[in-house]
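Report on the structure
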Amino acid sequence: METALQFLSDYGYLAIYGFLTLGIVGLPVPDELLMAGVGYLTAVGTMKLSYALLISFSGALSGMMLSYLIGHKAGRPLLNRYGKWIGFKAPRIGKMEVWMNKYGPLSIIFGYFIPGFRHVTCYLCGMSRMPLRKYSLFAAIGAMVWCLTFIMAGKLLGHAGH
């Protein structure tokens, strides 16, 4: 953990933005630990809380928008072509679209707290053609609540350690 904190200290807000964007797209980045580390660094004075929140929110939202766009443009053709190999045939795709249209907005917000699920949700919203304005609103709410939760948890841990 010390190495990760040192890396964040060295590369600062740019590292937060980049890691969150790539992590939300699906690369193996421990997002919750990253945010807790950012919170800790705000507690010890290495980073400013307002900047950390803004940059974290921006990185998370950028990753969510990129995932949505990939799902919107490439997701459906890929599922139509290769979905049968992973259990996504036409009837299941149809059920997924109905579910996303009904529960998609809530799944964006609450699914953000479930590792793995948050990544898939963004792609599924794009594939099911959720309107971008609606998606953006719920993605922004989910990203802010998630960033705030984990940064504040890390900040509290940082204060408890001192």
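So, a few notes on the structure that sits alongside this text. Quick caveat: nothing in here was measured; it's all calculated off a predicted structure. (Residues numbered from 1 in each chain as written. Predicted model: local features only at pLDDT ≥ 70, side-chain atom pairs only at ≥ 80, totals over all residues. Heavy atoms only, no water.)

Considering unusual backbone geometry
Here the phi dihedral of Arg129 falls at roughly 65°; this positive angle occurs in a residue that is not glycine. Assignment of secondary structure puts Arg129 in the loop between helix H5 (117-127) and helix H6 (132-160). The exposure class assigned to Arg129 is partly exposed, which follows from its relative accessible area of 45%. (Helix = DSSP H or I, 4+ residues; strand = E, 2+ residues; numbered from the N terminus. Buried < 20%, exposed > 50% of the residue type's maximum accessible area, 1.4 Å probe, protein only.)

Side note on the packing of helix H2 (residues 31-43) against helix H3 (residues 49-82)
The geometry of a pair of packed helices is captured by two quantities: the angle between their axes and the separation between those axes. Look at H2 against H3: their axes get within 9 Å of each other, and the N-to-C directions meet at 160°. The angle between the axes of H2 and H3 places the two elements in the roughly antiparallel class. In the packing of H2 onto H3, the handedness of the crossing is right-handed. Note on element contacts: H3 touches H2 through Leu49, Ala52 and Ser56, opposite Met35, Val38 and Thr42. Tallied by class, the residues present in the contact of H2 with H3 amount to 4 nonpolar, 2 polar and no charged. (Axes fitted to C-alpha atoms, helices over the stretch in contact; angles between N-to-C directions. Parallel < 35°, antiparallel > 145°, perpendicular 65-115°, else oblique. Left-handed = near helix turned anticlockwise from the far one by under 90°. Contact = heavy atoms within 4.5 Å. Nonpolar A, V, L, I, M, F, W, Y, C, P; charged D, E, K, R; others polar.)

A word on the packing of H3 against H5
Between H3 and H5, whose axes approach to 6 Å, the crossing angle comes to 60°. Classed by the angle they form, the pair H3 and H5 counts as oblique. As H3 packs across H5, the resulting crossing turns out to be right-handed. Along the contact surface, H3 presents Met64, Ser67, Tyr68, Ile70, Gly71, His72, Gly75, Arg76 and Leu79, while H5 presents Cys122, Tyr123, Cys125, Gly126 and Met127. When the residues that make up the contact of H3 with H5 are grouped by side-chain class, the tally is 8 nonpolar, 5 polar and 1 charged.

Notes on the state of the cysteines
Following the criterion strictly, the structure yields 0 disulfides and no others. The closest cysteine sulfur to the non-disulfide-bonded Cys122 is located on Cys125, 6.8 Å from its own sulfur. (Disulfide = S-S within 2.5 Å.)

Some words on the packing of aromatic side chains
All chains considered together, the criterion is met by 6 aromatic pairs. Where Tyr13 meets Tyr51, the ring centres are 5.9 Å apart and the plane angle is 85°; that geometry is what we call edge-to-face. Of this pair, Tyr13 sits in helix H1 (residues 2-25) while Tyr51 is found in helix H3, placing the two residues 38 residues apart along the sequence. Here Tyr51 falls in the partly exposed class, since its relative accessible area comes to 44%. What links up through ring pairs into an aromatic cluster is the set Tyr112, Phe113, Trp146 and Phe150. (Phe/Tyr/Trp six-rings, centres within 6.5 Å; stacked < 30°, edge-to-face > 60°.)

Section: the layout of surface pockets
Reported here for the largest pocket is a volume of approximately 230 Å³. In terms of lining residues, the largest pocket is bounded by 14 residues, among which Gly75, Leu78, Leu79, Ile86 and Met127 are the most central. Top element by residues in the lining of the largest pocket is H3. It accounts for 7 residues. When its residues are assigned to classes, the lining of the largest pocket shows 11 nonpolar, 3 polar and no charged. (1 Å grid on protein atoms, 1.4 Å probe; cavity = no way out; pocket = protein on both sides within 12 Å on 5 of 7 lines; lining within 4 Å. Points joined across faces, edges and corners; volume = space filled by probe spheres on them.)

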